[in-house]
Amino acid sequence: MKRVFFHTLGCKLNATETATIERQFVDRGFSVVDGLSSFDVFVLNTCSVTERSDRECRQLIRRALRAAPEAFVIVGGCYAQLQPAAIAAIGGVDLVLGSTEKFRIFEYVDSFKKRSTPLTYVSEIGERQDVDRSTSIGLPDRTRSFLKIQDGCDYSCSFCTIPLARGESRSIPLAAILEDARTIVEAGYKEIVLTGVNVGDFGSKMDLALLDVLRLLVQVEGIERIRISSVEPNLLSDWLLDYWFAESKICKHFHLPLQSGSDRMLSRMRRRYRRELYEDRVRTITNHLPLAGIGADVIVGFPGETEELFSETYDFLRDLPVSYLHVFPYSERPDTEAARMAGSVDRGVRARRSERLRLLSVRKRRMFHEQAVGHQLAVLFERQSPDGRLEGLSGEYIRVRAHGPESFVNQICITEIVRAKNETCDGLLQQGALTEVVGIPEERTKDA
Ligand code: SF4
């Protein structure tokens, strides 16, 4: 039996797509191995969001070839789509595949014998209208599965290569989404995470909207929770929010890319909103749901970002009720407008500003956790750690640890938050919270 080793760089969407490709290999009798043991085929699903991800890709290929010099090396995904020649030039690569070709490995090769020169299949970005379906069934997390509903993007943020790597915004038909969701339920998952590149833009060319997906999925028997990976702030309409607030199955977790708290920077980034709209969306959420989990992506050190403009971002986020930040130092990307802009910020300054925002994020998350103390949250427990404590995520995206038996893993349980920490909260499983799930007699829950 041939052994295949997969490695994924980048976002959850990429990880979800790797899981789909992995199933194609398993269906053909391959055994999936981790990198520590030897392998016959190496599949690398690449990312190209930062210079660092490109570098990591090249290093991983060389490391894989040192570990298994005879392995058939396949490199696909965003970096391969954008720089196929650079990847083909790395000695030892056998097959280079673009963002959609990576789903069709078995159409391009039927033997995995090492080649003297690599095969390259990368189609022009604009050619594609179809979208490859993906779920993350099979990945280690057995409690929640990602479900791809959309791909590509029609926006032109000046720093971003994703539209160049993944093409125009395209959506998966509702019938296919329904079928994939049912498959996820049959595989025993309780939570579905909707993913894509610009999820909020779902259906824009089909006279549909993200709300149509939500309305469809809340009716699917067995789906206990739906999480939305992220939504562009300008796509967070009042009617989408009203439904999101009212529908108990939809996690009260909002991941809203901000990128900057300075209107001057947002304009240079070609973002489709200004800070006023962002603040309005965040306050609309917290006015309805004081304990909603709100995450913000931020880029620091964008060309032209002075100390004053950085302080605008810092102060804006300090005063906004968001719960955590994902901070990215700006990274020049080939063929982007931003890479040609004047006002480049020193890399040391980018690192220092990132550090300041990461410290702010730690404080924000801690404050959010303290706000949760005394509240009863629905936690989907993912595993039991060696100390016997269960660990899982609440709908609000709070990581919770609580004493309880292993049989509660992959169960959603009402848990009272009793202590806040920086990264997690301690919880106490509530009486009766589990009975309807696993039929444990009332009195047992008290000890849990
Ligand atoms: S919305 Fe902007 S940052 Fe996001 S994928 Fe599209 S172009 Fe890139």
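Residues numbered from 1 in each chain as written. Predicted model: local features only at pLDDT ≥ 70, side-chain atom pairs only at ≥ 80, totals over all residues. Heavy atoms only, no water.

**Some words on the overall build of the chain**
Here is step 1 of the chain: Across its full length, the chain carries 15 helices and 19 strands.
Here is step 2 of the chain: Its C-alpha atoms give the chain a radius of gyration of 23 Å, near enough to 22 Å, the size a compact globule of 448 residues would have.
Here is step 3 of the chain: Overall, the chain is about 65 × 55 × 45 Å in size when its C-alpha atoms are taken along their principal axes.
Here is step 4 of the chain: Looking at the chain alone, contacts between residues at least 24 apart form 71% of all its contacts between residues at least 6 apart.
Here is step 5 of the chain: As displayed, the chain has an accessible area near 18900 Å², and 51% of this comes from carbon and sulfur atoms. (Helix = DSSP H or I, 4+ residues; strand = E, 2+ residues; numbered from the N terminus. Rg over C-alpha atoms; globule rule 2.2 N^0.38 Å. Contact = heavy atoms within 4.5 Å. Areas by Shrake-Rupley, 256 points an atom, 1.4 Å probe, with all protein chains shown as cover.)

**Let's talk about the pairing of strand β13 (residues 293-300)**
Here is step 1 of the chain: In terms of residue burial, β13 counts as a mostly covered element, since eight of its eight residues are buried.
Here is step 2 of the chain: Where burial is concerned, the two faces of β13 agree: the one with G293, G295, D297 and I299 and the one with I294, A296, V298 and V300 are both buried.
Here is step 3 of the chain: Note that strand β12 (residues 253-255) and β13 share three bridges and pair parallel. Note on β13: the bridge partner recorded for F254 is I294. (Buried < 20%, exposed > 50% of the residue type's maximum accessible area, 1.4 Å probe, protein only. Pairing = 2+ DSSP bridges.)

**Some details on the side chain of D426**
Here is step 1 of the chain: Examined against the element boundaries, D426 turns out to sit in strand β19 (residues 425-429).
Here is step 2 of the chain: Here R419 takes part through its side chain, which lies 2.6 Å from a polar atom of the side chain of D426.
Here is step 3 of the chain: The contacts of D426, once residues within four sequence positions are left out, are R389, R401, E416, I417, V418, R419 and K421. (Polar contact = N/O pair within 3.5 Å; in protein donor to acceptor, adjacent residues only side chain to side chain.)

**Side note on the nonpolar core**
Here is step 1 of the chain: With 58 residues, the main nonpolar core has L194, L217, F254 and L357 as its most contacted residues.
Here is step 2 of the chain: If you tally residues by element for this core, the top one is helix α7 (residues 174-186), at six residues.
Here is step 3 of the chain: Residues F5, L60, V75 and I90 belong to the second largest nonpolar core, which totals 22 residues. (Core = buried A, V, L, I, M, F, W, Y, C linked by side-chain atoms within 4.5 Å.)

**Notes on the packing of α7 against helix α8 (residues 210-217)**
Here is step 1 of the chain: Between α7 and α8, the least distance of the axes is 11 Å, while the angle of their chain directions is 40 degrees. In terms of their interaxial angle, α7 and α8 are classed as oblique. As α7 runs across α8, the sense of the crossing is right-handed. Contact residues: L174, I177, L178 and A181 in α7; D212, V213, L216 and L217 in α8.
Here is step 2 of the chain: Within the contact of α7 with α8, the residues separate by chemical class into seven nonpolar, no polar and one charged. (Axes fitted to C-alpha atoms, helices over the stretch in contact; angles between N-to-C directions. Parallel < 35°, antiparallel > 145°, perpendicular 65-115°, else oblique. Left-handed = near helix turned anticlockwise from the far one by under 90°. Nonpolar A, V, L, I, M, F, W, Y, C, P; charged D, E, K, R; others polar.)

**Quick notes on the site of the ligand**
Here is step 1 of the chain: The environment of the ligand is made up of C153, Y155, C157, F159, C160, I162, P163, V197, E232 and R271.
Here is step 2 of the chain: Its residues assigned to classes, the shell around the ligand comprises eight nonpolar, no polar and two charged. (Near = heavy atom within 4 Å.)

**Side note on the packing of helix α9 (residues 238-246) against helix α11 (residues 275-288)**
Here is step 1 of the chain: Look at α9 against α11: their axes get within 11 Å of each other, and the N-to-C directions meet at 25 degrees. By the criterion of interaxial angle, the relationship of α9 to α11 is roughly parallel. The two elements α9 and α11 meet at a crossing, and its hand is right-handed. Between α9, through D238, L241 and F245, and α11, the contact on the second element is made entirely by R281, T284, I285 and H288.

**Observations regarding the confidence of the model for the chain**
Here is step 1 of the chain: With 95% of its residues at a pLDDT of at least 70, the chain reaches an overall mean of 92.
Here is step 2 of the chain: Segment residues 435-448: pLDDT under 50, and 21 contacts once partners within four positions in sequence are set aside and those in other chains are kept. (pLDDT = per-residue confidence, 0-100.)

**A short note on the pairing of strand β15 (residues 376-384)**
Here is step 1 of the chain: Summarising the sheet, β15 and strand β18 (residues 412-420) pair through five bridges and their orientation is antiparallel. Within the sheet, the bridge partner assigned to L377 lies in β18 and is T415.
Here is step 2 of the chain: As defined by bridge partners, β15 adjoins strand β16 (residues 389-394) across five bridges and the pair is classed as antiparallel. Of the residues in β16, the one forming a bridge with V379 is S394.

**Structural notes on the environment of T46**
Here is step 1 of the chain: Along the chain, the position of T46 falls in strand β3 (residues 41-46).
Here is step 2 of the chain: When the C-alpha positions of T46 and G77 are compared, they lie 4.8 Å apart, and in sequence the two are 31 residues distant.
Here is step 3 of the chain: If we skip the residues at most four places from it in the chain, T46 touches L9, N14, C57, V75, G76, G77, C78, Y79 and A80.
Here is step 4 of the chain: Among the polar contacts made by the side chain of T46, one reaches the main-chain amide nitrogen of A80 at a distance of 3.4 Å.

**Brief notes about the domain arrangement of the chain**
Here is step 1 of the chain: Entries for the chain in the domain assignment read domain 1 (3-123), domain 2 (144-370) and domain 3 (373-444).
Here is step 2 of the chain: Between the C-alpha centres of domain 1 and domain 2 the distance comes to 28 Å.
Here is step 3 of the chain: Facing the 18 residues of domain 1 at the interface are 17 residues of domain 2.
Here is step 4 of the chain: Between domain 1 and domain 2 the total buried area reaches about 1300 Å² when both faces are included, carbon and sulfur atoms providing 55% of it.
Here is step 5 of the chain: Our enumeration of links across domain 1 and domain 2 arrives at four salt bridges.
Here is step 6 of the chain: The partner of R333 in a salt bridge is D54, and the shortest N-O contact between them spans 3.1 Å.
Here is step 7 of the chain: At the boundary of domain 1 and domain 2, one finds nine residue pairs in polar contact (both at pLDDT 80 or more). (Domains from an automatic or database assignment. Buried area = accessible area lost by both parts, 1.4 Å probe. Salt bridge = Lys/Arg side-chain N within 4 Å of Asp/Glu carboxyl O.)

**Description of the sheet that holds β15**
Whenever strands of a sheet pair, they do so through backbone hydrogen bonds, lying parallel or antiparallel.
Here is step 1 of the chain: In spatial order, the strands read β15-β16-β17-β19-β18; together these five strands close into a barrel with mixed pairing. Pairs of neighbouring strands in the sheet enclose a mean axial angle of 50 degrees, with direction left out of account.

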